[in-house]
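# Overview (structure and organization)
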Amino acid sequence: MYLRAQLAESGDDVMDLSTLNAGQREAVCHTEGPLLILAGAGSGKTRALTHRIAYLVAEKNVNPWNILAITFTNKAAGEMRERVDQLVGFGAGGIWVSTFHAMCVRILRRHGQLLGFEGAFSIYDTADQRQAMKQTLRALDIDSQRLKERQVLAAISSAKDELVGPEQMARQAADYYGGHVAQIYGEYQRFLKRNNAMDFDDLIFQTVRLFSKNPEVLGEYQERFRYILVDEYQDTNTAQFELVRMLADKHKNICVVGDDDQSIYKFRGANIRNILSFEDTYPGAKVIKLEQNYRSTGSILDVANAVIAHNRSRKCKTLWTDHAAGAPVRYREFPQSFDEAEFVIRDIAGGTRPYKDVAVLYRTNAQSRLFEEKCVAYSVPYRLVGGVNFYQRKEIKDILSYLKVIANGADDLAVERIVNVPRRGIGAATLSKVRVFSTANGYSLYEGFRHSANIPGIGRAAARTEAFASQMEAFRAGMAGSGFTIKGLIEEILDKTGYREELEEEGDIEYAARLENIEELVNKAVSFEEGGGKGDLEGFLEEVALVADVDRMDDTQDQVTLMTLHGAKGLEFPQVYLSGMEEGLFPSSQSISSGDASDVEEERRLCYVGITRAMEDLTLTGARKRLVNGELRYSMPSRFIGEIPGELLEATNGGYHMESNNKGRMGDAPRTETNKPVSGESRPSFGRLSRVDESSSKLPFGKSFQIVKESNLDYKEGDRVSHQRFGDGTVTEIKDGPKDYEVTVNFDTHGVKKMLASFAKLKRA
DNA sequence: AGAACGTTCATTTTT
DNA sequence: TGAACGTTCT
């Protein structure tokens with residue numbers, strides 16, 4: 001086979017495995033039958049996985065077409081794809097490297113009609129789900145309280161994760177409430193079906209249903225996927241577990257990689273038992289442990305091992321390294337969260353590392369604020385990961401709704417969203433008439449609009465509803481017929497509907513930002529089409545629906561990374577600050593009071609994940625007081641601190657001292673120079689305050705946008721600045737707005753203007 | 001239709 | 001504390 005020949009050229013006839021350690025090599029060569037690779041943090045599992053794939057192709061003559069590799073994130077899939085391509089060379093394209101969800105969509109697009117879905121079904125995100133639920137509750141005449149809506153959706157989501165359908169839920173319902181939820185669940189599913197839509201959980205659930213009901217379809221995929229690899233197996237939920245089991249049932253060449261100690265998504269339905277009982281599910285399974293860590297120093301690993309050792313339910317595993325001990329792990333306590341942030345950011349600012357080598361991790365997003373403020377105060381550039389998804393922005397959802405309507409006319413939610421955006425004089429009254437008419441005739445809303453001339457009492461609004469329908473028809477025709485590109489289609493929508501015009505007229509402060517976001521969407525479409533998906537609207541929508549926002553980090557800029565512990569999984573940084581080490585925050589009070597010891601264990605795993613992100617320097621910090629939900633909360637140091645033997649921590653004095661084994665009693669020791677608050681006037685002036693949603697055209701196709709804020713301008717309030725259109729002026733205010741920093745400038749010739757820092761492009765005059 | 005006010009509610013969130 | 005939503009008022 002040519003692949004083999006190609007590899008052979010690089011040396012002898014046997015693939016070079018000398019760069020692997022014994023465990024990795026074993027994992028690569030044990031190709032037949034079930035295999036569990038327990039891969040500790042930083043133990044080179046991706047290396048093992050990619051080499052295994054290459055080995056299958058090059059040494060075992062396995063057709064790439066017969067290999068399936070499943071990951072959870074696009075980022076992981078992308079990395080694996082890249083490395084496999086490098087190792088395997090030509091032919092690697094035949095290997096399916098995909099996320100669970102993307103794989104399921106691909107299967108469902110082909111066979112969805114067996115379940116009563118059309119190929120172009122819409123994929124509903126959380127916001128869409130809420131809308132759908134709202135309407136479902138309304139239809140059932142249940143008054144929808146926000147809480148209830150979310151609760152019901154959560155119940156449905158876990159049911160789907162557990163492969164429980166509405167009927168089964170009804171059967172199992174223990175009480176009136178449960179039966180009620182089951183009823184709503186059924187109605188919600190009918191709503192989705194009518195809209196030819198699936199939510200995220202459905203993608204997996206429906207694929208399993210498809211396979212159960214159609215053994216011949218399953219058989220086709222079983223035959224094809226002779227070798228299956230699953231990454232992050234500890235994070236699989238029941239539905240994913242079952243899906244994998246089905247696919248692997250014939251050949252049983254199933255290799256899963258995971259680390260039970262890094263299972264941190266139980267709240268999303270992940271079932272740690274899937275990995276713990278792998279050997280029961282697959283009798284005769286081979287188990288390989290990868291325990292050598294290549295990432296961290298000895299000190300950091302000691303701390304990680306000490307903490308995780310306190311968990312009861314785990315596969316015994318101890319990471320080791322031949323790296324030197326390195327710098328001791330530091331622990332610092334502060335009187336207030338304010339001081340903690342101050343210390344961390346000053347420590348970073350005064351350090352010698354490039355900012356991009358540093359990460360500040362925290363348990364909850366709310367904690368990010370203080371760090372942001374301090375970054376601004378000390379002019380430390382930072383990137384905040386998390387927050388609002390690019391695709392949830394109003395203007396993006398609007399445009400995508402147009403595309404959805406064009407691709408899938410049954411999607412009533414999308415129609416409702418755009419029918420009067422921009423304003424077409426189709427208000428609530430008209431819409432409701434069309435809705436009643438559509439329901440009565442078994443039409444989708446969109447079809448209702450197309451026949452709206454027949455609606456009694458619609459009066460003069462008919463002209464508008466018909467105009468809307470024919471405009472949509474025109475878009476469709478353009479798309480179906482003469483090969484509009486997606487970019488062309490979006491431009492067409494912006495122009496012909498007057499969307500762009502309305503944006504311009506509103507002239508609001510966010511106008512430029514919105515337009516810029518739409519630009520990004522267009523860029524996204526262009527790169528999608530360059531990737532070969534020309535005019536494939538469904539493909540594009542799918543791409544967009546399945547992308548999360550923490551997918552890819554732009555690490556080209558020199559910025560400190562701020563993110564949650566969850567967000568940090570799978571990443572590594574030379575220097576890490578693990579903040580908020582306080583009882584009640586981390587571990588969270590919910591996990592402590594739930595009465596389920598496994599909840600605290602999950603928090604402990606999260607702590608372990610955080611610690612093992614660090615390569616060289618690790619600092620743990622905590623505060624005695626902090627503002628939580630508007631009230632001041634006092635807390636003890638996290639029990640995780642107490643679980644680290646005192647001699648492993650360098651706790652000299654960030655104001656307190658640690659008494660070993662005394663859960664770090666907080667004393668009133670004097671504060672040292674390093675965490676002394678800076679007085680008002682010595683505080684550096686606001687540096688540049690731009691908060692940019694960085695994203696980008698530069699990112700490879702399939703990668704997502706990322707929420708980023710930056711800070712490195714050079715003007716502050718009172719400064720003279722110049723704008724390329726408005727000329728010179730004086731900055732009167734700099735305010736932290738919802739999207740970006742808002743700068744108010746009093747221009748000499750153009751009066752007072754409020755503008756977004758990132759788009760104003762102001763220069764110091 | 002949109003501003004202005006009031007109410008409620010708060011972990012984590014790979015898709 | 002503050003955001004995100006719903007309601008009411010203009």
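Residues numbered from 1 in each chain as written. Chains lettered and ligands numbered in written order. Predicted model: local features only at pLDDT ≥ 70, side-chain atom pairs only at ≥ 80, totals over all residues. Heavy atoms only, no water.

## Section: the sheet that holds strand E8 (residues 286–290)
We apply this condition: Strand pairing is assigned whenever DSSP identifies at least 2 bridges connecting the two strands. Runs of E in the DSSP output that reach at least two residues are strands. Runs of H or I that reach at least four are helices, and both are numbered from the N terminus. Lines fitted to C-alpha atoms define the axes here, with helix axes fitted over just the stretch in contact, and angles between the N-to-C directions of these axes take values from 0 to 180 degrees. Residue contacts are counted whenever heavy atoms from the two residues lie within 4.5 Å of one another.
Read across the open sheet, the six strands follow the order E3-E2-E6-E7-E1-E8; overall the sheet is parallel. Sheet topology places strand E3 (96–99) and E8 at the edges, where each strand pairs with a single neighbour. When strand polarity is set aside, the average angle formed by the axes of neighbouring strands in this sheet is 15°. Strand direction decides the pairing type here: strand E2 (residues 67–71) and strand E6 (residues 227–230), joined by four bridges, are parallel. Counterpart to Ala69 in the pairing with E6 is Leu229. Against the sheet, helix H2 (residues 22–29) touches strand E1 (35–39) and E8, its axis set at about 145° to E8.

## A closer look at the confidence of the model for chain A
Do not read the fine detail of predicted coordinates wherever pLDDT is low. Rule in force here: The quantity known as pLDDT measures the predictor's confidence residue by residue, on a range of 0 to 100.
Confidence in the prediction of chain A, expressed as mean pLDDT, is 85, and 85% of residues score 70 or more. A low-confidence stretch, residues 1–13 (pLDDT under 50), is modelled with 20 contacts involving residues beyond four sequence positions or located in other chains. Considering only residues more than four positions removed or in separate chains, one finds that residues 654–712, a stretch of pLDDT under 50, has 177 contacts.

## Re the nonpolar core
Worth spelling out the cut-off: Within this scheme, the nonpolar core is defined by two criteria: the residues are buried Ala, Val, Leu, Ile, Met, Phe, Trp, Tyr or Cys, and they are joined through side-chain atoms within 4.5 Å. Under the scheme applied here, a residue whose accessible area is under 20% of the maximum for its type counts as buried, over 50% as exposed, and between as partly exposed, the area being computed with a 1.4 Å probe on protein chains only.
In this structure, Leu403, Phe449, Ile490 and Leu537 are the most contacted members of the largest nonpolar core, which totals 49 residues. Counting residues per element, this core draws most heavily on helix H18 (residues 394–407), at eight residues. In contact with Leu537, not counting residues within four places along its chain, are Leu403, Ile406, Ala407, Met479, Ile486 and Leu489. If you look at the next biggest cluster of nonpolar residues, it comprises 43 residues, including Phe121, Met198, Leu210 and Ile228.

## Here we look at helix H10 (residues 200–213)
Filter applied, for reference: Helix span, as expected, comes to 1.5 Å for every residue beyond the first.
Here H10 spans 20 Å end to end across 14 residues, near enough to the 20 Å set by a 1.5 Å rise per residue. For H10, the buried fraction is high: ten of the 14 residues fall into the buried class. Residues of H10 that are buried: Asp201, Asp202, Leu203, Ile204, Phe205, Gln206, Thr207, Val208, Leu210 and Phe211.

## Brief notes about the packing of H2 against helix H3 (residues 45–58)
To keep things clear, this is the line we draw: If you view the pair so one helix is near and one far, a crossing is left-handed when the near helix is turned anticlockwise from the far one by less than a right angle, and right-handed when it is turned clockwise. Think of it as three bins: nonpolar holds Ala, Val, Leu, Ile, Met, Phe, Trp, Tyr, Cys and Pro, charged holds Asp, Glu, Lys and Arg, and polar takes everything else, Gly as well.
The geometry of H2 relative to H3 is characterised by a closest axis approach of 8 Å and an angle of 40° between their N-to-C directions. For the pair H2 and H3, the crossing hand works out as right-handed. From H2, Gln24, Ala27, Val28 and Cys29 reach across to H3, where they touch Arg47, Ala48, His51, Arg52 and Tyr55. Here the contact of H2 with H3 is composed, by residue class, of five nonpolar, two polar and two charged.

## Some remarks on helix H4 (residues 74–88)
Residues spaced three or four apart along an α-helix face the same direction, because each turn holds 3.6 residues. Across its 15 residues, H4 extends 20 Å between first and last C-alpha, which sits within 8% of the 21 Å expected from 1.5 Å per residue. Of the residues one or two after H4, Gly89 is the one with positive phi, at around 80°.

## Overview of the pairing of E6
Operational definition: When the strands point away from the viewer, a crossover counts as right-handed if the route from the first strand across the helix to the second turns clockwise.
Alternating residues of E6 divide into Tyr227 and Leu229 and Ile228 and Val230, and every residue in both groups is buried. Where E6 lies against strand E7 (residues 254–258), three bridges are found, and the strand directions are parallel. Looking at the pairing, Val230 lines up with Val256 of E7. Between E6 and its parallel partner E7, the chain crosses via helix H12 (residues 238–248), and the hand of that crossover is right-handed.

## Quick notes on the pairing of E7
Burial of E7 is extensive: five of the five residues sit out of reach of the surface. Residues Ile254, Val256 and Gly258 of E7 are buried on one face, and the alternating residues Cys255 and Val257, pointing to the opposite face, are buried as well. Taken together, the four bridges between E1 and E7 define a ladder with parallel strand orientation. The partner of Leu36 across the bridge, within E7, is Val256.

## Structural notes on a nonpolar patch on the surface
The condition that has to hold: Distance thresholds for patches are 9 Å for like charges and 5 Å for nonpolar side chains (Val, Leu, Ile, Met, Phe, Trp, Tyr), applied to residues having over 30% relative accessible area and no salt bridge. Only the protein chains shown count as cover for residues, and all accessible areas are computed by the Shrake-Rupley method using a 1.4 Å probe. In what follows, salt bridge is the name for a side-chain nitrogen of Lys or Arg lying within 4 Å of a carboxyl oxygen of Asp or Glu.
Together, Leu627, Leu632 and Tyr634 line one region of the surface with nonpolar side chains, adding up to about 360 Å² of accessible area. Within the secondary structure, Leu632 is located in strand E15 (residues 631–634). On the basis of relative accessibility, which here comes to 45%, the residue Leu632 falls in the partly exposed class.

## Some words on a positive patch on the surface
Filter applied, for reference: Counted charges follow a simple rule, with Lys and Arg positive, Asp and Glu negative, and His plus the chain ends left uncounted. Lysine's charge is taken at NZ, arginine's at CZ, aspartate's at CG and glutamate's at CD.
A cluster of like positive charges, contributed by Arg130, Lys134, Arg138 and Arg150, occupies part of the molecular surface. It is helix H6 (residues 126–139) that provides the largest number of residues to the positive patch, a total of three residues. The topology assignment puts Arg150 in helix H7 (residues 146–161). On the basis of relative accessible area, Arg150 is assigned to the exposed category, the value being 57%.

## Digging into the packing of aromatic side chains
Our working definition: Centres within 6.5 Å are what make two rings of Phe, Tyr or Trp a pair, Trp counting through its six-membered ring; a difference in plane orientation under 30 degrees is then read as stacked, over 60 as edge-to-face, and the rest as tilted. The rule is short: NZ of Lys or CZ of Arg within 6 Å of the ring centre and within 35 degrees of the ring normal puts a charge over the ring.
In total, this model carries 14 aromatic pairs according to the counting rule given. Each ring, one from Tyr362 and one from Phe371, has its centre 6.3 Å from the other, and the planes form 15°; the classification is stacked. Residue classification places Phe371 among the buried residues on the basis of a relative accessible area of 1%. Members of the aromatic cluster, joined through ring pairs, are Trp96, Phe211, Tyr221 and Phe225. Over the ring of Phe121 we find Arg109; its NZ or CZ atom is 4.3 Å from the centre of that ring.

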